[in-house]
Amino acid sequence: RTVFVNGEYLPESEGKISIFDRGFLFADGVYEVSAVINGKLVDYAAHMERLGRSLKELRMAWPCTRDELDVMHAELIKRNALTEGIIYMQVTRGAADRTFNFPKGEVTPTLIAFTQAMSLVSNPNAVTGIKVITTPDLRWARRDIKTVMLLAPALGKQEAYEKGAQEAWMVEDGFVTEGTSSNAYIVKDGKVITRHLSNEILAGCTRRALMRLAKEEGVEIIERKFTVEEALAADEAFLTSASQFVMPIVEIDGKRIGGGQPGPVVRKLRELFLKEAT
Ligand code: PDD
(Lines give C-alpha, C1' and ligand atoms only; values in the text may rest on other atoms or scores of the structure.)
Protein backbone atom coordinates (compact mmCIF):
# COMPACT_ATOMS: atom_id res chain seq x y z
CA ARG A 1 0.00 0.00 0.00
CA THR A 2 0.94 3.59 -0.53
CA VAL A 3 0.23 5.70 2.54
CA PHE A 4 0.30 9.44 3.20
CA VAL A 5 2.50 10.87 5.96
CA ASN A 6 2.95 14.62 6.41
CA GLY A 7 2.81 15.55 2.77
CA GLU A 8 4.55 12.50 1.34
CA TYR A 9 3.28 9.37 -0.41
CA LEU A 10 5.30 6.42 0.82
CA PRO A 11 5.26 2.61 0.88
CA GLU A 12 3.50 1.68 4.13
CA SER A 13 6.71 0.24 5.65
CA GLU A 14 8.30 3.69 5.37
CA GLY A 15 5.45 5.63 6.98
CA LYS A 16 6.82 6.75 10.35
CA ILE A 17 5.94 9.34 12.98
CA SER A 18 7.68 10.57 16.13
CA ILE A 19 7.45 8.76 19.47
CA PHE A 20 6.66 12.24 20.87
CA ASP A 21 3.56 12.60 18.76
CA ARG A 22 0.71 13.80 20.97
CA GLY A 23 -1.67 11.47 19.21
CA PHE A 24 0.43 8.58 20.49
CA LEU A 25 1.07 10.00 23.99
CA PHE A 26 -2.29 11.67 24.75
CA ALA A 27 -4.74 10.56 22.04
CA ASP A 28 -4.60 14.27 21.19
CA GLY A 29 -5.95 13.89 17.68
CA VAL A 30 -9.00 13.46 15.51
CA TYR A 31 -9.85 11.24 12.57
CA GLU A 32 -12.30 10.49 9.80
CA VAL A 33 -13.20 7.31 7.91
CA SER A 34 -14.74 7.74 4.47
CA ALA A 35 -16.07 4.95 2.30
CA VAL A 36 -15.07 4.46 -1.33
CA ILE A 37 -17.38 2.73 -3.79
CA ASN A 38 -16.48 2.33 -7.48
CA GLY A 39 -13.41 4.47 -6.80
CA LYS A 40 -15.57 7.36 -5.53
CA LEU A 41 -15.86 8.81 -2.04
CA VAL A 42 -19.20 8.53 -0.23
CA ASP A 43 -20.53 11.47 1.88
CA TYR A 44 -17.08 13.05 1.67
CA ALA A 45 -18.20 16.65 2.14
CA ALA A 46 -19.97 15.72 5.39
CA HIS A 47 -16.82 13.99 6.68
CA MET A 48 -14.69 17.07 5.96
CA GLU A 49 -17.25 19.29 7.65
CA ARG A 50 -17.17 17.10 10.76
CA LEU A 51 -13.36 17.06 10.70
CA GLY A 52 -13.39 20.85 10.78
CA ARG A 53 -15.70 20.80 13.77
CA SER A 54 -13.61 18.21 15.65
CA LEU A 55 -10.44 20.25 15.05
CA LYS A 56 -12.15 23.42 16.24
CA GLU A 57 -13.48 21.79 19.42
CA LEU A 58 -9.93 20.70 20.32
CA ARG A 59 -8.46 24.05 19.28
CA MET A 60 -6.29 22.35 16.70
CA ALA A 61 -5.23 23.90 13.42
CA TRP A 62 -6.09 22.43 10.03
CA PRO A 63 -2.97 20.52 8.91
CA CYS A 64 -3.36 21.84 5.35
CA THR A 65 -6.04 23.31 3.12
CA ARG A 66 -9.26 21.52 2.26
CA ASP A 67 -8.06 21.37 -1.37
CA GLU A 68 -4.94 19.56 -0.26
CA LEU A 69 -7.05 17.06 1.68
CA ASP A 70 -9.15 16.49 -1.43
CA VAL A 71 -6.00 15.82 -3.45
CA MET A 72 -4.69 13.47 -0.73
CA HIS A 73 -7.89 11.39 -0.83
CA ALA A 74 -7.91 11.29 -4.64
CA GLU A 75 -4.22 10.36 -4.84
CA LEU A 76 -4.59 7.54 -2.31
CA ILE A 77 -7.48 6.09 -4.30
CA LYS A 78 -5.44 6.33 -7.51
CA ARG A 79 -2.09 5.11 -6.18
CA ASN A 80 -3.72 2.13 -4.46
CA ALA A 81 -6.15 1.42 -7.30
CA LEU A 82 -8.87 1.39 -4.64
CA THR A 83 -12.29 0.58 -6.04
CA GLU A 84 -14.06 -0.37 -2.79
CA GLY A 85 -13.04 0.17 0.82
CA ILE A 86 -12.25 3.02 3.16
CA ILE A 87 -9.82 5.89 3.58
CA TYR A 88 -8.69 6.54 7.14
CA MET A 89 -7.20 9.95 7.92
CA GLN A 90 -5.89 11.30 11.20
CA VAL A 91 -4.68 14.68 12.40
CA THR A 92 -2.86 15.12 15.70
CA ARG A 93 -1.59 18.22 17.46
CA GLY A 94 1.90 17.10 16.47
CA ALA A 95 5.15 16.07 18.16
CA ALA A 96 6.52 18.05 21.11
CA ASP A 97 8.16 17.50 24.48
CA ARG A 98 5.70 15.73 26.74
CA THR A 99 3.57 18.25 28.63
CA PHE A 100 -0.14 17.88 29.35
CA ASN A 101 -0.88 21.46 28.34
CA PHE A 102 -0.57 22.37 24.67
CA PRO A 103 3.06 22.77 23.57
CA LYS A 104 4.28 26.37 23.43
CA GLY A 105 5.11 27.90 20.06
CA GLU A 106 4.56 26.54 16.60
CA VAL A 107 3.97 22.81 16.40
CA THR A 108 3.34 21.19 13.05
CA PRO A 109 0.24 18.98 13.15
CA THR A 110 0.74 15.38 12.06
CA LEU A 111 -1.39 14.26 9.12
CA ILE A 112 -1.52 10.64 8.05
CA ALA A 113 -3.88 8.67 5.84
CA PHE A 114 -4.16 5.19 4.41
CA THR A 115 -6.58 3.01 2.47
CA GLN A 116 -8.15 -0.34 3.34
CA ALA A 117 -9.67 -2.36 0.53
CA MET A 118 -12.92 -3.93 1.75
CA SER A 119 -16.07 -5.37 0.28
CA LEU A 120 -18.73 -2.94 1.49
CA VAL A 121 -21.66 -3.23 -0.90
CA SER A 122 -21.96 -7.00 -1.05
CA ASN A 123 -21.20 -7.53 2.63
CA PRO A 124 -22.62 -10.95 3.58
CA ASN A 125 -23.54 -9.57 7.04
CA ALA A 126 -26.12 -7.37 5.38
CA VAL A 127 -27.97 -10.45 4.13
CA THR A 128 -28.00 -12.37 7.41
CA GLY A 129 -27.95 -9.44 9.83
CA ILE A 130 -25.51 -9.17 12.73
CA LYS A 131 -25.57 -9.77 16.47
CA VAL A 132 -24.91 -7.10 19.08
CA ILE A 133 -24.36 -7.19 22.81
CA THR A 134 -24.88 -4.37 25.29
CA THR A 135 -22.10 -3.05 27.51
CA PRO A 136 -21.68 -0.02 29.79
CA ASP A 137 -20.60 3.18 28.01
CA LEU A 138 -17.23 3.94 29.58
CA ARG A 139 -16.32 6.87 27.34
CA TRP A 140 -15.75 10.54 28.19
CA ALA A 141 -18.36 13.29 28.01
CA ARG A 142 -17.46 14.69 24.55
CA ARG A 143 -18.35 11.83 22.26
CA ASP A 144 -19.46 14.35 19.64
CA ILE A 145 -15.76 14.95 18.85
CA LYS A 146 -14.27 12.22 16.67
CA THR A 147 -11.05 11.73 18.63
CA VAL A 148 -8.60 8.83 18.40
CA MET A 149 -9.23 8.09 22.09
CA LEU A 150 -10.79 4.73 21.28
CA LEU A 151 -9.86 2.41 24.14
CA ALA A 152 -13.40 2.02 25.54
CA PRO A 153 -14.82 1.30 22.05
CA ALA A 154 -12.00 -1.19 21.38
CA LEU A 155 -12.74 -3.02 24.66
CA GLY A 156 -16.45 -3.02 23.85
CA LYS A 157 -15.92 -4.42 20.36
CA GLN A 158 -13.57 -7.09 21.70
CA GLU A 159 -16.17 -8.11 24.29
CA ALA A 160 -18.72 -8.40 21.47
CA TYR A 161 -16.42 -10.65 19.43
CA GLU A 162 -15.66 -12.85 22.43
CA LYS A 163 -19.41 -13.32 22.86
CA GLY A 164 -19.92 -14.22 19.19
CA ALA A 165 -21.39 -10.83 18.26
CA GLN A 166 -20.13 -8.19 15.80
CA GLU A 167 -20.92 -4.96 17.63
CA ALA A 168 -21.55 -3.68 21.14
CA TRP A 169 -24.24 -1.14 21.94
CA MET A 170 -23.06 1.06 24.77
CA VAL A 171 -25.50 1.82 27.55
CA GLU A 172 -25.72 4.74 29.96
CA ASP A 173 -28.44 5.08 32.63
CA GLY A 174 -30.38 2.26 30.93
CA PHE A 175 -30.40 4.02 27.54
CA VAL A 176 -28.44 2.98 24.48
CA THR A 177 -26.02 5.72 23.43
CA GLU A 178 -24.56 4.21 20.23
CA GLY A 179 -22.40 1.37 18.93
CA THR A 180 -18.64 1.28 19.50
CA SER A 181 -18.17 2.50 15.91
CA SER A 182 -21.70 3.12 14.67
CA ASN A 183 -25.02 4.81 15.43
CA ALA A 184 -27.90 2.73 16.83
CA TYR A 185 -31.53 2.44 15.67
CA ILE A 186 -34.64 0.44 16.45
CA VAL A 187 -37.90 0.17 14.51
CA LYS A 188 -41.30 -0.05 16.21
CA ASP A 189 -44.63 -0.05 14.34
CA GLY A 190 -42.91 1.15 11.16
CA LYS A 191 -41.22 4.11 12.85
CA VAL A 192 -37.47 4.40 13.26
CA ILE A 193 -36.14 5.54 16.63
CA THR A 194 -32.59 6.82 17.10
CA ARG A 195 -30.95 8.87 19.81
CA HIS A 196 -31.02 12.66 19.31
CA LEU A 197 -27.70 14.42 18.70
CA SER A 198 -25.84 15.79 21.74
CA ASN A 199 -22.39 15.56 23.34
CA GLU A 200 -23.26 11.95 24.21
CA ILE A 201 -22.94 10.51 20.69
CA LEU A 202 -21.09 11.10 17.46
CA ALA A 203 -23.10 12.82 14.75
CA GLY A 204 -22.72 10.14 12.09
CA CYS A 205 -22.40 11.21 8.47
CA THR A 206 -24.26 8.05 7.46
CA ARG A 207 -26.94 8.95 10.02
CA ARG A 208 -27.33 12.34 8.40
CA ALA A 209 -27.62 10.85 4.91
CA LEU A 210 -30.10 8.28 6.17
CA MET A 211 -32.29 10.94 7.81
CA ARG A 212 -32.51 12.75 4.49
CA LEU A 213 -33.27 9.59 2.49
CA ALA A 214 -35.89 8.43 5.00
CA LYS A 215 -37.61 11.80 4.84
CA GLU A 216 -37.69 11.69 1.05
CA GLU A 217 -39.18 8.21 1.24
CA GLY A 218 -41.74 9.10 3.91
CA VAL A 219 -40.19 6.86 6.59
CA GLU A 220 -40.61 8.55 9.96
CA ILE A 221 -37.51 8.85 12.16
CA ILE A 222 -38.07 9.84 15.78
CA GLU A 223 -34.98 11.29 17.47
CA ARG A 224 -35.02 10.29 21.12
CA LYS A 225 -33.13 8.00 23.42
CA PHE A 226 -34.35 4.42 23.84
CA THR A 227 -33.78 1.80 26.53
CA VAL A 228 -32.31 -1.69 26.20
CA GLU A 229 -35.77 -3.10 27.08
CA GLU A 230 -37.32 -1.17 24.20
CA ALA A 231 -34.64 -2.47 21.87
CA LEU A 232 -35.28 -6.05 22.95
CA ALA A 233 -38.99 -5.57 22.20
CA ALA A 234 -38.42 -3.80 18.86
CA ASP A 235 -39.62 -5.08 15.47
CA GLU A 236 -36.25 -4.37 13.88
CA ALA A 237 -32.85 -2.98 14.82
CA PHE A 238 -29.94 -1.69 12.78
CA LEU A 239 -26.82 0.43 12.81
CA THR A 240 -25.17 2.92 10.49
CA SER A 241 -21.54 3.83 9.85
CA ALA A 242 -19.34 4.89 6.96
CA SER A 243 -17.99 1.36 6.58
CA GLN A 244 -21.18 -0.66 7.24
CA PHE A 245 -23.70 1.76 5.69
CA VAL A 246 -27.06 0.50 6.99
CA MET A 247 -26.57 -2.86 8.71
CA PRO A 248 -29.44 -5.02 10.03
CA ILE A 249 -29.21 -6.39 13.56
CA VAL A 250 -31.04 -9.65 14.26
CA GLU A 251 -29.95 -10.40 17.82
CA ILE A 252 -29.35 -8.27 20.94
CA ASP A 253 -27.81 -9.94 24.00
CA GLY A 254 -28.76 -13.34 22.60
CA LYS A 255 -32.39 -12.40 22.06
CA ARG A 256 -33.72 -12.54 18.51
CA ILE A 257 -35.14 -9.34 17.07
CA GLY A 258 -37.85 -9.47 14.40
CA GLY A 259 -37.75 -13.26 14.19
CA GLY A 260 -34.00 -13.26 13.56
CA GLN A 261 -34.28 -11.90 9.99
CA PRO A 262 -33.51 -8.42 8.61
CA GLY A 263 -36.86 -6.63 8.51
CA PRO A 264 -38.53 -4.65 5.71
CA VAL A 265 -37.66 -1.17 7.00
CA VAL A 266 -33.93 -1.78 7.33
CA ARG A 267 -33.77 -3.60 3.99
CA LYS A 268 -35.50 -0.67 2.32
CA LEU A 269 -33.19 1.90 3.98
CA ARG A 270 -30.04 -0.01 3.00
CA GLU A 271 -31.27 -0.25 -0.56
CA LEU A 272 -31.97 3.50 -0.67
CA PHE A 273 -28.53 4.27 0.71
CA LEU A 274 -26.75 2.00 -1.76
CA LYS A 275 -28.78 3.31 -4.67
CA GLU A 276 -27.50 6.80 -3.95
CA ALA A 277 -23.91 5.76 -3.14
CA THR A 278 -23.26 3.47 -6.10
N1 PDD B 1 -16.84 5.05 13.18
N2 PDD B 1 -20.52 6.52 16.38
C3 PDD B 1 -19.24 6.22 16.61
C4 PDD B 1 -18.77 6.13 18.02
C5 PDD B 1 -18.35 6.00 15.53
O6 PDD B 1 -17.07 5.71 15.76
C7 PDD B 1 -18.84 6.07 14.20
C8 PDD B 1 -17.96 5.86 12.99
C9 PDD B 1 -20.21 6.38 14.02
C10 PDD B 1 -20.83 6.52 12.64
O11 PDD B 1 -20.38 7.68 11.99
P12 PDD B 1 -20.27 7.73 10.40
O13 PDD B 1 -21.61 7.38 9.85
O14 PDD B 1 -19.91 9.14 10.10
O15 PDD B 1 -19.21 6.75 10.03
C16 PDD B 1 -21.01 6.60 15.13
C17 PDD B 1 -15.91 4.85 12.09
C18 PDD B 1 -16.52 4.18 10.90
C19 PDD B 1 -14.69 4.12 12.61
O20 PDD B 1 -14.24 4.50 13.69
O21 PDD B 1 -14.17 3.23 11.95
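- Under the annotation held in an unreviewed UniProt entry, the protein carries the name Probable branched-chain-amino-acid aminotransferase and is attributed to Aestuariivirga litoralis.
- Quoted verbatim from the Sequence similarities (unreviewed entry) field of the UniProt record, the comment on the protein reads "Belongs to the class-IV pyridoxal-phosphate-dependent aminotransferase family."
- Listed under Cofactor (unreviewed entry) in UniProt, the entry text for the protein is "pyridoxal 5'-phosphate".

### Some words on the pairing of strand β14 (residues 245-252)
No. 1: Most of β14 is tucked away: seven of the eight residues are buried.
No. 2: As paired strands, strand β7 (residues 130-136) and β14 are joined by three bridges and run parallel to one another. Paired with Ile-130 across the strands is Ile-249, a residue of β14.
No. 3: Judged from the five bridges that link them, strand β13 (residues 236-241) and β14 form a sheet pairing that is antiparallel. Paired with Ser-241 across the bridge in β14 is Phe-245.
No. 4: In this structure, the hairpin formed by β13 and β14 is closed by a connection of three residues.

### Some words on the site of the ligand
No. 1: Inspection of the region around the ligand gives 14 residues, with Leu-202, Gly-204, Cys-205, Thr-206 and Ala-242 positioned closest.
No. 2: When residues of the shell around the ligand are traced back to their parent elements, those giving at least two are α6 (205-217) and β13.
No. 3: When residues of the shell around the ligand are assigned to their parent elements, the largest contribution, three residues, is made by α6.
No. 4: Tallied by class, the residues present in the shell around the ligand amount to four nonpolar, eight polar and two charged.

### Re the domain arrangement of the protein
No. 1: For the protein, the assigned domains read domain 1 (2-117) and domain 2 (124-277).
No. 2: Between domain 1 and domain 2, the C-alpha centre-to-centre distance is 26 Å.
No. 3: On the side of domain 2, 13 residues touch domain 1, which itself brings 20 residues to the contact.
No. 4: Those elements that place two or more of their residues in the side of domain 1 that touches domain 2 are β3 (29-37), α2 (44-57) and β5 (85-92).
No. 5: The element that contributes the greatest number of residues to the side of domain 1 that touches domain 2 is β3, accounting for eight residues.
No. 6: Looking at the side of domain 1 that touches domain 2 residue by residue, the classes come out as ten nonpolar, six polar and four charged.

### Examining the sheet that holds strand β6 (residues 110-117)
No. 1: Taking strand neighbours across the sheet as the criterion, the six strands line up as β2-β1-β6-β5-β3-β4 in an open arrangement whose pairing is antiparallel. The open sheet is flanked by β2 (8-11) and β4 (40-41), the only strands paired with a single partner.
No. 2: Sheet strands in contact with α2 are β3, β4 and β5, and its direction is about 180 degrees off that of β3.

### Points about the nonpolar core
Nonpolar side chains tend toward joint burial in soluble globular proteins.
No. 1: In terms of nonpolar packing, the biggest core is built from 57 residues, with Val-132, Ala-237 and Ile-249 touching the most fellow members.
No. 2: At six residues, the largest contribution of residues to this core is made by β14.
No. 3: Counting contributing residues, this core receives three or more from each of domain 1 (2-117) and domain 2 (124-277).
No. 4: Residues contacting Val-132, with those up to four places away along its chain left out, are Ala-160, Ala-165, Glu-167, Ala-168, Trp-169, Ile-249 and Ile-252.

### Observations concerning the confidence of the model for the protein
No. 1: Across the protein, the average pLDDT comes to 97, with 100% of residues at or above 70.
No. 2: For this predicted complex, the interface confidence score (ipTM) comes to 0.99, while the overall pTM stands at 0.97.

### Looking at the environment of Tyr-31
No. 1: Inspection of the secondary structure puts Tyr-31 in strand β3.
No. 2: Tyr-31 sits 107 residues away from Leu-138 along the chain, and the two C-alpha atoms are 20 Å apart.
No. 3: Filtering out sequence-adjacent residues up to four positions away, Tyr-31 remains in contact with Tyr-88, Met-89, Gln-90, Lys-146 and Val-148.

### Considering the packing of α6 against helix α8 (residues 264-277)
No. 1: Where α6 meets α8, the axes come as close as 10 Å, and the angle between the chain directions of the two elements is 110 degrees. Classified by the angle their axes make, α6 and α8 are roughly perpendicular. Touching Ala-209, Leu-210, Leu-213, Ala-214 and Glu-217 of α6 are Leu-269, Leu-272, Phe-273 and Glu-276, all from α8.
No. 2: Of the residues that constitute the contact of α6 with α8, the class distribution is seven nonpolar, no polar and two charged.

Analysis parameters
Residues numbered from 1 in each chain as written. Predicted model: local features only at pLDDT ≥ 70, side-chain atom pairs only at ≥ 80, totals over all residues. UniProt positions renumbered as here; feature names shortened; annotations may be inferred. Buried ≥ 20, exposed ≤ 12 C-beta atoms within 10 Å, placed from the backbone. Helix = DSSP H or I, 4+ residues; strand = E, 2+ residues; numbered from the N terminus. Pairing = 2+ DSSP bridges. Near = placed C-beta within 6 Å. Nonpolar A, V, L, I, M, F, W, Y, C, P; charged D, E, K, R; others polar. Domains from an automatic or database assignment. Contact = placed C-beta atoms within 7 Å. Axes fitted to C-alpha atoms, helices over the stretch in contact; angles between N-to-C directions. Core = buried A, V, L, I, M, F, W, Y, C linked by C-beta atoms within 7 Å. pLDDT = per-residue confidence, 0-100. Parallel < 35°, antiparallel > 145°, perpendicular 65-115°, else oblique.

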